[in-house]
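What follows is each chain in one-letter form.
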Protein chains: 2
Amino acid sequence: MQTDIHDAHNGFGTIRVYPDKTPIYHQGDSATRIFRVNSGVVMTFRLLEDSRRQITGFCTEGEFFGLSPHGDHMDGAVTVTSAGIQSVSISALETDAGLRAQIMNHSFRKIEDTQNLMMTLTKTSSEARVAAFLVMLADRRLRRQGPNADGLEVSLPMSRLDIADYLGLSRETVSRRLNELKSLGLIGLPDTHTAQINRFDGLRRCAGMMAA
Amino acid sequence: MQTDIHDAHNGFGTIRVYPDKTPIYHQGDSATRIFRVNSGVVMTFRLLEDSRRQITGFCTEGEFFGLSPHGDHMDGAVTVTSAGIQSVSISALETDAGLRAQIMNHSFRKIEDTQNLMMTLTKTSSEARVAAFLVMLADRRLRRQGPNADGLEVSLPMSRLDIADYLGLSRETVSRRLNELKSLGLIGLPDTHTAQINRFDGLRRCAGMMAA
DNA sequence: CGTTCTGTTGAGTCACCTCAAGCAGTGTGG
DNA sequence: CCACACTGCTTGAGGTGACTCAACAGAACG
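Residues numbered from 1 in each chain as written. Chains lettered and ligands numbered in written order. Predicted model: local features only at pLDDT ≥ 70, side-chain atom pairs only at ≥ 80, totals over all residues. Heavy atoms only, no water.

For chain A, the name recorded in an unreviewed UniProt entry is Transcriptional regulator, with Algimonas arctica as its organism.

All right, on to the overall build of chain A then. Across its full length, chain A carries six helices and twelve strands. Rg of the C-alpha trace for chain A: 18 Å, near the compact-globule value of 17 Å for 212 residues, within the 12% margin. A total of 212 residues make up chain A; the buried ones form 52% of that total. In chain A, once contacts between residues fewer than 6 apart in sequence are set aside, the share between residues at least 24 apart is 66%. Within the structure as shown, chain A displays about 9700 Å² of accessible surface, and the carbon and sulfur contribution to it stands at 49%. The centroid of the 24 positive side-chain charges in chain A is displaced by 4 Å from the centroid of its 24 negative side-chain charges. (Helix = DSSP H or I, 4+ residues; strand = E, 2+ residues; numbered from the N terminus. Rg over C-alpha atoms; globule rule 2.2 N^0.38 Å. Buried < 20%, exposed > 50% of the residue type's maximum accessible area, 1.4 Å probe, protein only. Contact = heavy atoms within 4.5 Å. Areas by Shrake-Rupley, 256 points an atom, 1.4 Å probe, with all protein chains shown as cover. Lys, Arg positive; Asp, Glu negative; His and termini not counted. Charge placed at Lys NZ, Arg CZ, Asp CG, Glu CD.)

With respect to topology, four strands assemble into an open sheet ordered 3-8-5-6 (chain A), the strand pairing being antiparallel. Single-partner strands in this sheet number two, and they are strand 3 (23–25) and strand 6 (53–59) of chain A. Shown here is a sheet whose adjacent strand axes are inclined to one another by a mean of 30 degrees, direction ignored. Two strands pair when backbone bridges link them, and strand 3 of chain A and strand 8 (residues 76–79) of chain A are joined in this way by two bridges, in the antiparallel orientation. When the sheet's bridge partners are listed, Pro23 of chain A is paired in strand 8 of chain A with Val78 of chain A. This element, helix 2 (residues 97–123) of chain B, spans strand 5 (42–47) and strand 6 of chain A of the sheet and lies at about 130 degrees to strand 6 of chain A. (Pairing = 2+ DSSP bridges. Axes fitted to C-alpha atoms, helices over the stretch in contact; angles between N-to-C directions.)

A separate point is the relation of the copies chain B and chain A. Mapping chain B onto chain A leaves a residual RMSD of 0.0 Å; the transformation is a rotation of 180 degrees accompanied by 0.0 Å of translation along its axis. Taken together, the rotation and translation relating the two chain copies correspond to the operation of a two-fold axis. The overlap is high: 100% of the interface residues of chain B also sit at the interface in chain A, so the same surface is used on both sides. (Least-squares fit on C-alpha atoms with pLDDT ≥ 70 in both.)

Moving on to the protein's contact with DNA strand D. Every one of the 16 residues lining DNA strand D counts as a neighbour, but Ser126, Leu169 and Thr173 of chain A together with Arg160 and Ser175 of chain B are closest to it. Protein-adjacent atoms of DNA strand D, using a 4 Å cutoff, are sugar or phosphate at a proportion of 60%. Note that a base nitrogen of DNA strand D is positioned 3.0 Å from one of the side-chain N or O atoms of Glu172 of chain A. With respect to DNA strand D, the side chain of Thr173 of chain A contributes an N or O atom lying 2.4 Å from a phosphate oxygen. Going through the elements one at a time, helix 5 (171–183) of chain A together with helix 5 (171–183) of chain B are the ones with two or more residues in the surface near DNA strand D. Looking at the surface near DNA strand D, the element that brings in the most residues is helix 5 of chain B, giving four residues. Along the lines of polarity and charge, the residues of the surface near DNA strand D split into one nonpolar, ten polar and five charged. (Near = heavy atom within 4 Å. Polar contact = N/O pair within 3.5 Å; in protein donor to acceptor, adjacent residues only side chain to side chain. Nonpolar A, V, L, I, M, F, W, Y, C, P; charged D, E, K, R; others polar.)

Another aspect to go through is the protein's contact with DNA strand C. Taken together, 18 residues form the shell around DNA strand C, and within it Arg160 and Ser175 of chain A together with Ser126, Glu172 and Thr173 of chain B come nearest. Counting only atoms of DNA strand C within 4 Å of the protein, the fraction found in sugar and phosphate groups is 62%. Interatomic distance of 3.1 Å between a side-chain N/O atom of Ser170 of chain B and a phosphate oxygen of DNA strand C. Here a base nitrogen of DNA strand C sits 3.0 Å away from a polar atom, N or O, in the side chain of Glu172 of chain B. Among the elements of the structure, helix 4 (160–167) and helix 5 of chain A together with helix 5 of chain B are those that each provide at least two residues to the surface near DNA strand C.

As a further point, take the packing of aromatic side chains. Evaluated as defined, the whole model comprises twelve aromatic pairs over all chains. On the numbers, 5.7 Å between centres and 55 degrees between planes, the contact of Phe133 of chain A with Tyr166 of chain A is tilted. Separated by 33 residues along the polypeptide, Phe133 of chain A in helix 3 (residues 126–144) and Tyr166 of chain A in helix 4 bring together distant segments of the chain. Accessibility classification places Phe133 of chain A together with Tyr166 of chain A in one group, the buried group. When the ring of Phe35 of chain B is compared with that of Phe65 of chain B, the centres are 5.3 Å apart and the planes differ by 15 degrees; the resulting orientation is stacked. Taken as a pair, Phe35 of chain B in strand 4 (residues 33–39) and Phe65 of chain B in strand 7 (residues 64–65) lie far apart in primary sequence, 30 residues in all. Just as Phe35 of chain B is buried, Phe65 of chain B falls in that class too. Each member of the aromatic cluster is reached from another via a ring pair, and the members are Tyr25, Phe35 and Phe65 of chain A. (Phe/Tyr/Trp six-rings, centres within 6.5 Å; stacked < 30°, edge-to-face > 60°.)

Attention now goes to the interface of chain B and chain A. Taken together, the contacts link 34 residues of chain B with 34 residues of chain A. Interface of chain B and chain A: buried area, both sides summed, is about 3600 Å²; carbon and sulfur atoms make up 67% of it. On the chain B side of the contact with chain A, Phe108, Met118 and Lys123 of chain B bury the most area, a combined 19% of that side's loss. Linking chain B to chain A there are zero salt bridges. Contributing elements (two or more residues each) for the side of chain B that touches chain A: strand 6 (53–59) and helix 2 of chain B. Among the elements that make up the side of chain B that touches chain A, the one with the highest residue count is helix 2 of chain B (19 residues). Looking at side-chain class alone, the side of chain B that touches chain A contains 13 nonpolar, eleven polar and ten charged residues. (Buried area = accessible area lost by both parts, 1.4 Å probe. Salt bridge = Lys/Arg side-chain N within 4 Å of Asp/Glu carboxyl O.)

Glancing now at the pattern of salt bridges. All names here are of chain B. Counted by the stated rule, this structure contains 16 salt bridges over all chains. The closest approach of N and O atoms between Arg53 and Asp162, which form a salt bridge, is 2.8 Å. Of the two residues, Arg53 sits in strand 6 while Asp162 sits in helix 4 (residues 160–167), which places them 109 residues apart along the sequence. In this pair, the class of Arg53 matches that of Asp162, namely buried.

Shown next as structure tokens:
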């Protein structure tokens, strides 16, 4: 776990390494830069008046965050793990056509992701949501590694409460459902922050999706 | 209620008038055009395997819909009322910088809207959701008309089931909560497809937002 | 080695859903 | 003009899945 912040520069703006649980920006801050995760995990979230929280995304390597329609950030961003993060001034959008295309593509995808999350949150049981969360993490890992799905270990660097606030559940329910999936034999839980995928197809079915 | 379809052209692509309850495109269709509502109401929705439905938006005058990240539409679109709809080929995005900027702006806003909807759907009671729905419709109308909020009549051209599928509730619950808001004196229901806003601030408070 | 934070487990409650019946508006055929 | 069916909305009764509250266990940390 790193605890110091490094800075560097390249043609694409600033590169910076943050320790875990470090805020990148706050909800309501004026948005002057666009961010991209180089390594580690960052989560974005929105707060309500009564301090409840909806986590809107867990971003890993290659993903953009911090895009805002107006001047102000509509969400906050915090590192979950130590993370390397690139940033560019928002004004680069006007001059850099390649970046603009990348961002535009990302925006479309973000709409889709958000709608998918919304479907998951509103149309499925707590069990399906937890399963879907694990499937998402596993899929992400598979995209980078080979397709040996079963036996794969995914890390859960975030707390149960973070997962709960992402899935719109209570901490307790997340815990219950994880252990349920474990007792069904679909996953293993070697420790609290690691899940082992035993039967990926079963997990997918549980998440209410067709097998890949 | 119109039942015939008219066509016209201008520099911005095709303009067409559709009767109510007419599909514009289907989920999964290849996306070749971008649409804009000129008049009337259009709703977009996503279907799940078990034929449940999430309505992702009600679009009125000036709003774009049908934007897709890949080749395929991730949602379907149907007219709620008779509606005039402009469309442009998606290839116009490459040549028309002004259109591109408009779409980009719309995309950011769409992410925000979708996240707002998600917050409403996951963090609030059925009463707050119905109130929020009415507030949204009233706000939309106020943006075009003067700011005489109280006494304003908003039309609900969509069915109770449509509202339910937008708010992630059952038809029955929508009906119950509407009548509850009526008996609280916040709204009136002169007929099933019209709501009269009696106390806009009260409705806002009920929706869990601060007064404007 | 206490203290604190996170995660788990149990018991009870409640908001919304489901099922089922009733009702109003609209259209249709005799 | 009136039965009849049909569709969309409302209302009631009962069930249930996830939440809340509360206690406990285990890990992390000083």
